Amino acid sequence: MRPSPGGEPQEGAAGDGAGAVDGVVLITVDSLRADAIGETTAPVLAELGERGVTFENAFARGNWTPFSFPSMLGSAPVFADKPTVGLPESPSLAESLAAEGVRTAGFDAANGFLTEFFGYDRGFDTFETFIDDGGIGSEYLAAHPTVEGWLQLATSPFRRFTRTVTEGRPTVATEGPSREPRVDISHSRDIERRSVKFLDSLAPDDRFFLWVHYMDTHTPYVPAPSHLKAVGARGRGVLSRLKAHAHTGLGRSVDEQTLTALRELYQGTVHQVDASIGRLLRALETRDRRGSTAVVVAGDHGEEFQEHGHLSHYPKLYDELVRVPLVFDVPGQQAHDVETPVGLDGIPATVRELMGLPVAPFDDETGSLRGALAGEPYENGPVTAVALRGETVTQQPIPRRLDEGELLISARDGRYTYVKHADTERTEWYDRSNDPSEQTPIGPGEIPPGPTERLERAVDRRLAGITGAEAGPDAATPDALAVQLEALGYR
């Protein structure tokens, strides 16, 4: 942990009183745990955290993408105005920026929950999701991304040779922090290319907002071999890793060796995303945009590796699923860490303030983080999150409407966690100072009355704010989107 701001600001910065930035790049990474960033796994993000402001206790507002993103790109949390998932009807962050003349672009690496179908294109001048809807065998490969990933890896030498013959490109390996990836199952190369194209379309005086969402770290984990080597994952062959993938579905029969292999694969994908982010930041530098652009990095939720008996991100509200990285690198701000718990719902208001715009009436708990970025004293109430659980934790399809499962709501302060099961009234309490992995529930009587009352009030407020309106029938999901959601494990 670093102290509050002190000393000299970053080179070239204007100090804590710096004016508004010209651009904001919001980078979100699917399933990125708070403990995933390190010098080995993510050197670019680690350096970004060292030069920026790191929120050590940032929490998603839900356990998976459709529950988290309404607070990050929308103006209200999930279920605030309707009992179904999707962007709230109130103006989104991109819409509010576009109304102020800001150029906007959004690139989602084929997460079906962040598509036009769920309203996430609203407010973006340029928007792309890279969901494939054609081609021989494309439906099968989209539904079996592990097969597609290993197939691409196996054929990459042949494809490199073909490019050399047809395009005159060198046959040297194309992996590394400053080079394009050999395999693009995760669409990171697509994201980079479209982002650069958008940056090149800007006039010198254009203000801009660029959002990119990476999917490499979502199951199934298929990193390129060079990224596995970079994180020290050696001595495991393709068959061993395919076997590990075969056990990821519901967390069954996962021995220690398999769990280790899965963690290595996950760490490899973190390094893969990190390299792509590094190339994106260099694109800002080469276009003289880096010094006037704020960069924000966040995970949309975490990932479980059997801390509570499962893999992936099933409906639970423990730290491994809701505690995420949140870093702001803002020109003129001194590097420091913020320990106060915050929610990702603070992103929209902060982005507007960084761009010198009035804070729109976002329905959030956290509010703008601009003061915390400047090193001012920052206080915040408990941060809440929600999940929907079916009859079993691993029920498929995972509930995504209020009438499909039991609502779970959690609240966190700097020390305690409170989880309430709305239908059964069952509660869970944890003291993270003694039990950071939230393994041993305690009674509310073991917590001082003040924190107990604050956490209970926060949960009750969140529960009262969730709509009770009846949901109409779901609109028919487009075939390509349905295939993509199934590929992600969401039937």
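Let me begin by describing the structure that accompanies this report. (Residues numbered from 1 in each chain as written. Predicted model: local features only at pLDDT ≥ 70, side-chain atom pairs only at ≥ 80, totals over all residues. Heavy atoms only, no water.)

A word on the sheet that holds strand β13 (residues 342-343). With mixed pairing, three strands are arranged side by side in an open sheet as β10-β3-β13. Looking at which strands have only one partner, the edges of the open sheet turn out to be β10 (323-324) and β13. Looking at chain direction, strand β3 (residues 58-59) and β13 are connected through two bridges and run parallel. Opposite Phe-59, over in β13, you have Gly-343 as the bridge partner. (Pairing = 2+ DSSP bridges. Helix = DSSP H or I, 4+ residues; strand = E, 2+ residues; numbered from the N terminus.)

Time to look at the packing of helix α6 (residues 188-201) against helix α9 (residues 256-286). Where α6 meets α9, the closest approach of the two axes is 10 Å, and the angle between their N-to-C directions is 10 degrees. As summarised for this structure, α6 and α9 are arranged roughly parallel, according to the angle between their axes. When α6 is examined against α9, the residues Ser-188, Glu-192, Ser-195, Val-196 and Leu-199 are found in contact with a partner set consisting of Ser-276, Arg-279, Leu-280, Ala-283 and Leu-284. Its residues assigned to classes, the contact of α6 with α9 shows five nonpolar, three polar and two charged. (Axes fitted to C-alpha atoms, helices over the stretch in contact; angles between N-to-C directions. Parallel < 35°, antiparallel > 145°, perpendicular 65-115°, else oblique. Contact = heavy atoms within 4.5 Å. Nonpolar A, V, L, I, M, F, W, Y, C, P; charged D, E, K, R; others polar.)

Glancing now at the packing of helix α1 (residues 43-51) against α9. Running from N to C, α1 and α9 cross one another at 60 degrees; their axes reach a closest spacing of 7 Å. For the element pair α1 / α9, the angle class is oblique. In this structure, α1 uses Pro-43, Val-44, Leu-45 and Leu-48 to contact α9, whose residues at the interface are His-271, Asp-274, Ile-277, Gly-278 and Leu-281. For the contact of α1 with α9, the per-class residue count stands at six nonpolar, two polar and one charged.

Turning to the packing of aromatic side chains, a few remarks are in order. Counted according to the given criterion, the structure contains 17 aromatic pairs. Between Tyr-418 and Trp-429, the aromatic rings sit 4.2 Å apart at their centres with planes inclined by 20 degrees, giving stacked as the arrangement. You can see Tyr-418 sitting in strand β16 (residues 416-421) and its partner Trp-429 sitting in strand β17 (residues 427-431), a full 11 residues away along the chain. Each member of the pair Tyr-418 and Trp-429 is classed as buried. Every member of this aromatic cluster is reached through a ring pair, and the members are Trp-64, Phe-67, Phe-79, Phe-113, Phe-117 and Phe-118. (Phe/Tyr/Trp six-rings, centres within 6.5 Å; stacked < 30°, edge-to-face > 60°. Buried < 20%, exposed > 50% of the residue type's maximum accessible area, 1.4 Å probe, protein only.)

A separate point is α6. Its 14 residues give α6 an end-to-end C-alpha distance of 20 Å, which sits within 8% of 20 Å, the value for a rise of 1.5 Å per residue. Within the span of α6, buried status applies to Ser-188, Arg-189, Ile-191, Glu-192, Ser-195, Phe-198 and Leu-199. (Expected span 1.5 Å × (residues − 1).)

Take the pairing of β16 next. Buried residues dominate β16, accounting for six of its six residues. The alternating pattern of β16 places Tyr-416, Tyr-418 and Lys-420 on one face and Thr-417, Val-419 and His-421 on the opposite face, and all of these are buried. Hairpin remark: strand β15 (residues 406-412) followed by β16, antiparallel, with three residues in the connecting loop. A loop of five residues connects β16 with β17, the two strands running antiparallel in sequence, and Glu-425 in this loop sits at a positive phi of about 65 degrees.

Let us now look at the nonpolar core. In this structure, Phe-55, Phe-209, Trp-211, Leu-326 and Phe-328 are the most contacted members of the largest nonpolar core, which totals 68 residues. Ranked by residues supplied to this core, first place goes to helix α11 (residues 347-354) with four residues. Residue contacts for Phe-328: discarding those within four places in its chain leaves Gly-52, Val-53, Phe-55, Val-295, Val-296, Thr-350, Leu-354, Leu-369 and Leu-373. (Core = buried A, V, L, I, M, F, W, Y, C linked by side-chain atoms within 4.5 Å.)

For the rest of this paragraph, the subject is unusual backbone geometry. Cis peptide bonds are those with omega within 30 degrees of zero, and the linkage from Thr-219 to Pro-220 qualifies with -5 degrees. Within the secondary structure layout, Pro-220 lies in the loop between β6 (208-214) and α7 (225-230). Even without being a glycine, Ser-31 presents a positive backbone phi close to 65 degrees. For Ser-31, the position within the fold is in the loop between β1 (23-29) and α1. Here Glu-438, not a glycine, exhibits a phi torsion of approximately 55 degrees, which is positive. Mapped onto the secondary structure, Glu-438 falls in the loop between β17 and α13 (449-464). We classify Glu-438 as buried; its relative accessible area is 1%.

The next subject is the side chain of Asn-57. Relative to the helices and strands, Asn-57 is located in the loop between β2 (53-55) and β3. Reaching out from Asn-57, the side chain makes a polar contact with the backbone oxygen of Glu-339 at a distance of 2.9 Å. Once you skip the residues sitting within four places of it in the chain, Asn-57 turns out to touch Arg-323, Val-338, Glu-339, Thr-340, Pro-341 and Val-342. (Polar contact = N/O pair within 3.5 Å; in protein donor to acceptor, adjacent residues only side chain to side chain.)

Our focus in this paragraph is the pattern of salt bridges. Pairing between side chains becomes possible if they bear opposite charge and their charged atoms approach one another. This model, assessed by the stated rule, comprises 24 salt bridges. When the shortest N-O distance is used, the salt bridge between Glu-95 and Arg-122 registers 3.0 Å. Linking Glu-95 in helix α3 (residues 93-98) with Arg-122 in the loop between β4 (103-108) and β5 (126-128), this pair joins segments that are 27 residues apart in sequence. With its nearest N and O atoms 2.8 Å apart, the salt bridge here joins Arg-401 to Asp-403. One salt-bridge network, in which partners are shared between bridges, spans Arg-33, Asp-35, Arg-263 and Glu-307. (Salt bridge = Lys/Arg side-chain N within 4 Å of Asp/Glu carboxyl O.)

The next subject is the sheet that holds β15. The antiparallel open sheet is built from four strands, whose spatial order is β14-β15-β16-β17. Either end of the sheet is taken by a strand with one partner, and the two such strands are β14 (383-389) and β17. Between one strand axis and the next, the sheet turns through 15 degrees on average, direction left out of account. Direction of pairing for β16 relative to β17: antiparallel, over a ladder of five bridges. Bridge pairing in β17 places Tyr-418 opposite Trp-429. Along the sheet, α13 contacts β14, β15, β16 and β17; its crossing angle with β15, the most-contacted strand, is approximately 140 degrees.

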